[in-house]
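# Structural features, examined
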Amino acid sequence: NMPLITFSDKVDSKVSTVPIINKIVANDINQLKDGVNANETAISAINGTTYTSLVQLLTQSATNAPVATEVYNNTGETYTWSYVSSGVYRVTATGNPFTINKTVVFLNNGSTVTNGLEPRWNRISNTIIDIFTPNESMTKGSFEIKIYS
């Protein structure tokens, strides 16, 4: 008989049990991710804020488009990066997620030295955000978009 963990859901006070498992398979991981995403949405709703977000690590050099490693994405969109000009890079969404006055971007250059100059961003449209870096490279720069509803 498999041992169980018991927990109480703070939203509706439901008591649930989860089996303790010794082996996690790919399907279990996907179910855990779905559960975490659903819980984050519920917690945001309880706190009075609801948003979706995209989190990526960016690496870029010379005139190449940034290479994005997606850490988290619950926006339902796909994003493509391109090189615009020296120190200017563009992320384009497949849909129209970047609502005016409801889109916020947090970014840094990661481990690339920038002599105290911080990267900046600009919402161009509902589908495009440009970022501006103080030099022509980024190494594992963090990039996060939050889109509030």
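This structure is a prediction, so every number in the text was calculated from the model and none was measured. For every chain, the first residue of the written sequence is number 1, and numbering continues from 1 onward in sequence order. Given that this is a predicted model, residues contribute local features only at a pLDDT of at least 70 and side-chain atom pairs are listed and counted only at 80 or more, while totals for whole chains, interfaces and linings are drawn from all residues. The side-chain numbers reported here are obtained from all heavy atoms of the structure, hydrogens and water having been left aside.

## A closer look at the sheet that holds strand S3 (residues 51-61)
Spatially, S4-S3-S10-S7 is the arrangement adopted by the four strands of the open sheet, whose pairing is antiparallel. Edge positions in the sheet fall to strand S4 (67-73) and strand S7 (103-107), since each of these pairs with one other strand and no more. Within the sheet, the average angular offset between the axes of one strand and its neighbour, ignoring direction, is 20°. Note that S3 and strand S10 (residues 137-148) share 10 bridges and pair antiparallel. In the strand pairing of S10, Leu 58 is matched with Gly 141. DSSP bridges decide pairing: two strands pair if at least two such bridges lie between them. Here a strand is any run of E in DSSP of at least two residues, a helix any run of H or I of at least four, and the numbering for each starts at the N terminus. In this analysis an axis means a line fitted to C-alpha atoms, helices contributing only their contacting stretch, and an angle means the value between N-to-C directions, from 0 to 180 degrees.

## Some words on the environment of Tyr 148
With respect to the secondary-structure elements, Tyr 148 resides in strand S10. Exposure is judged per residue with a 1.4 Å probe applied to protein chains only, and the accessible area is read against the type maximum: over 50% gives exposed, under 20% gives buried, and values in between give partly exposed. Judged by its relative accessible area of 28%, Tyr 148 is partly exposed. Measuring from C-alpha to C-alpha, the distance between Tyr 148 and Thr 99 comes to 8.3 Å, with 49 residues separating the pair along the chain. Only heavy atoms matter for contacts: two residues are in contact if any of them lie within 4.5 Å across the pair. When sequence neighbours within four positions are dropped, the list of residues in contact with Tyr 148 reads Thr 49, Thr 50, Tyr 51, Lys 102 and Val 104.

## Some remarks on the pairing of S10
As judged from the five bridges shared by S7 and S10, these two strands associate in the antiparallel manner. Looking at S10, one finds that Thr 103 is bridged to Ile 147.

## Describing the confidence of the model for the protein
Taken residue by residue, the protein gives an average pLDDT of 79. The fraction at 70 or more is 65%. When mean pLDDT is compared element by element in the protein, strand S6 (residues 88-93) scores highest at 96, while strand S1 (residues 4-8) scores lowest at 55. pLDDT gives the predictor's per-residue confidence on a scale running from 0 to 100.

## Some words on the sheet that holds strand S9 (residues 128-132)
Pairing is antiparallel across the open sheet formed by four strands, whose spatial order is S5-S6-S9-S8. The open sheet has two free edges, formed respectively by strand S5 (79-85) and strand S8 (120-123), since each of these has just one partner strand. Within the sheet, the average angular offset between the axes of one strand and its neighbour, ignoring direction, is 25°. Pairing of S6 with S9 involves five bridges; the strand directions are antiparallel. Note on S9: the bridge partner recorded for Arg 90 is Asp 130.

## What about the pairing of S3?
For S3 and S4, the ladder comprises six bridges, and the chain directions are antiparallel. Following the sheet pairing, Leu 54 is matched in S4 by Asn 73. Taken together, S3 and the strand that follows it, S4, pair antiparallel across an intervening segment of five residues, in which Ala 62 is found at a positive phi of about 55°.

## Comments concerning the nonpolar core
Residues Tyr 79, Trp 81, Phe 98, Ile 131, Phe 143 and Ile 145 are the most contacted members of the largest nonpolar core, which totals 16 residues. Counting residues per element, the ones that place at least two in this core are S3, S5, S6, S7, S9 and S10. Counting residues per element, this core draws most heavily on S10, which supplies four residues. In this description, a nonpolar core means a group of buried Ala, Val, Leu, Ile, Met, Phe, Trp, Tyr and Cys residues linked to one another through side-chain atoms lying within 4.5 Å.

## Some thoughts on the pattern of salt bridges
By salt bridge we mean one thing: a side-chain nitrogen of Lys or Arg within 4 Å of a carboxyl oxygen of Asp or Glu. Scanning the model with the defined rule gives one salt bridge in all. Where Arg 90 meets Asp 130, a salt bridge forms, and the shortest distance between an N and an O atom there is 2.7 Å. Placement of the pair is Arg 90 in strand S6 and Asp 130 in strand S9, with a sequence separation of 40 residues.

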